[in-house]
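Structural description and commentary
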Amino acid sequence: MKTENAWKKYTDTTEVFQFNEKYKAFISNCKTERECISEMISQAKAAGYRNLDDIIANKETLQAGDKVYANNMDKTLAMYIIGEEPMEKGMRILGAHVDSPRIDLKQNPLYEDQELALLDTHYYGGVKKYQWVTIPLALHGVVAKKDGQMVQVVIGEEETDPVFGISDLLIHLSAKQLQKPAAEVVEGENLNVLVGSIPLSGEEEEPVKAQILQILKEKYDMEEEDFLSAEFEVVPAGKARDYGFDRSMIMGYGHDDRVCAYPSFEAMLAQDKVKYTAVCLLVDKEEIGSVGATGMQSRFFENVTAEVMHAANQYSELLLRRALKNSMMLSSDVSAGFDPNFPEVMEKKNCAYLGHGITFNKYTGSRGKSGSNDANPEYIAKLRKVMDDNHVAFQTAELGKVDQGGGGTIAYILANYNMEVIDCGVPVLNMHAPWEIASKVDIYEAYRGYCAFLKDM
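Just so it is clear, the structure is predicted and the values come from calculations on it, not from any experiment.

**Some remarks on the side chain of Lys-24**
By the secondary structure assignment, Lys-24 is in helix 1 (residues 14–29). Residue classification places Lys-24 among the buried residues on the basis of a relative accessible area of 11%. Discounting chain neighbours no more than four positions away, the residues touching Lys-24 are Ala-240, Arg-241, Asp-242 and Ile-250.

Okay, structure coming up:
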């Protein structure tokens, strides 16, 4: 079986390109999970979504068609449209993650070495460390002050901003380095970010570090001790760009998994009234195992769903269990696109191709499907019908050859509630690299597929 190139079905690509212009702006401006959630809440409120906390505080009753959202620590967002059917009959859930591989600052990061100021780091998620050297980097984050003030920091994105970087050994002295395995060419403890070189006049001890601290004090009223309660992420500097002569693709940071999170969010905004309660769940920490209070393994989603059901006069512990069990979910995460430069890792009949539409992964995991949610064929059959009825271009894929490797998503965690779940997202090239590649038509087909799922499943 072969799938058609999705571009072929469009005689007018205006909608495809217009949707992707909005997406490019989103991933250019939202490079951390906090920035994603902040922007999405702002847009959701403008679209009529109300804060669930206000509903609870005012003891209001939710009715069919009402739209609410819940914010978890500014890193996780749950959006609900109350359906016409009781929630115990199940929800239609779009789940994605908004964290991406990156480099984080350590809690005590700033130091001086040979009259250069550097920041010590710890990488986050699965990265090829050598890809992060010699490229322009930006600093995004927040500083939590002892007085409760939160200071937002973004440096390196404006044309007038400085950028930062991680140096690499010059080729002339790299004979031994180039003999190392790729995983060791650049080691984690050497991913130190260079941030300055001018000594502060009058300072005898670590004058360059003192200069950096003075700049931070003047611009952000930040002391060195404030790094202890700060959260800084080092990400590629610059905006997402059109890719290819035909502008058919987007090169950007964080396609994994914002290329699925954004269409999921937009699909929710496109819905008005729904038969079954629609949910968009955007979580943090997927890249490191979905752990912690803002990861999918927390009780946030379960607790918030209980609150929504209570506000709709539909709650009991039994009804909550039924609502979760009877739900259907698309675990919206990226898939590995076929790369002609590396055909040996793919099995061509069962891999995703750029431009062929949204991708369903019946299972992920690695080797013997380890760690996978293996979707049921009955569920896949229903999804096939919905996609075909709505003329959505889709394909099916695995994450490479059987013994080649693999990966995981949040799918298995939601499946623990006994609901039907399948992985469903956009194929990308350069996955987990600083700059990833995705097809515009796949992104738009993902949006259309998510709309169809919420409306017709």
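**Focus: the packing of aromatic side chains**
Each aromatic ring pair is specified by the distance between its two centres and by the angle formed by the two planes. As enumerated under the stated definition, the model contains 11 aromatic pairs in all. A ring pair is formed by Phe-26 and Tyr-262, whose centres lie 5.1 Å apart and whose planes are at 35 degrees; its orientation type is tilted. Linking Phe-26 in helix 1 with Tyr-262 in helix 6 (residues 255–269), this pair joins segments that are 236 residues apart in sequence. Since its relative accessible area comes to 3%, Tyr-262 is described here as buried. Cluster of aromatic residues (ring-pair linked, three or more members): Tyr-10, Phe-19, Tyr-23, Phe-26, Tyr-262, Tyr-444 and Tyr-447. Over the ring of Tyr-276 we find Arg-92, and its NZ or CZ is 4.0 Å from the ring centre. Over the face of the ring belonging to Tyr-124 we find Arg-102, whose NZ or CZ atom lies 3.6 Å from the ring centre.

**A word on unusual backbone geometry**
Residue Asp-257 follows Asp-256 across a cis peptide bond; omega there is 10 degrees. On the secondary structure map, Asp-257 appears in helix 6. In this structure, Thr-134 is a non-glycine residue whose phi angle is positive, near 65 degrees. With respect to the helices and strands, Thr-134 occurs in the loop between strand 6 (116–124) and strand 7 (137–144). Within the chain, His-391 stands out as a residue other than glycine whose phi angle is a positive 55 degrees. Within the element layout of this structure, His-391 appears in the loop between helix 9 (377–389) and strand 18 (394–396).

**Topic: the sheet that holds strand 9 (residues 193–196)**
Across the sheet, which stays open at both edges, the six strands sit in the order 8-7-10-5-6-9 with antiparallel pairing between neighbours. Each edge of the open sheet is held by one strand with a lone partner, namely strand 8 (150–155) and strand 9. Each adjacent strand pair in this sheet contributes to an overall mean axis angle of 30 degrees, direction not counted. Bridge count between strand 5 (residues 102–113) and strand 6: eight bridges; the pairing is antiparallel. Directly across from Glu-112, in strand 6, lies its bridge partner Ala-117.

About the criteria used
Residues numbered from 1 in each chain as written. Predicted model: local features only at pLDDT ≥ 70, side-chain atom pairs only at ≥ 80, totals over all residues. Heavy atoms only, no water. Helix = DSSP H or I, 4+ residues; strand = E, 2+ residues; numbered from the N terminus. Buried < 20%, exposed > 50% of the residue type's maximum accessible area, 1.4 Å probe, protein only. Contact = heavy atoms within 4.5 Å. Phe/Tyr/Trp six-rings, centres within 6.5 Å; stacked < 30°, edge-to-face > 60°. Lys NZ or Arg CZ within 6 Å of the ring centre and 35° of its normal. Pairing = 2+ DSSP bridges. Axes fitted to C-alpha atoms, helices over the stretch in contact; angles between N-to-C directions.

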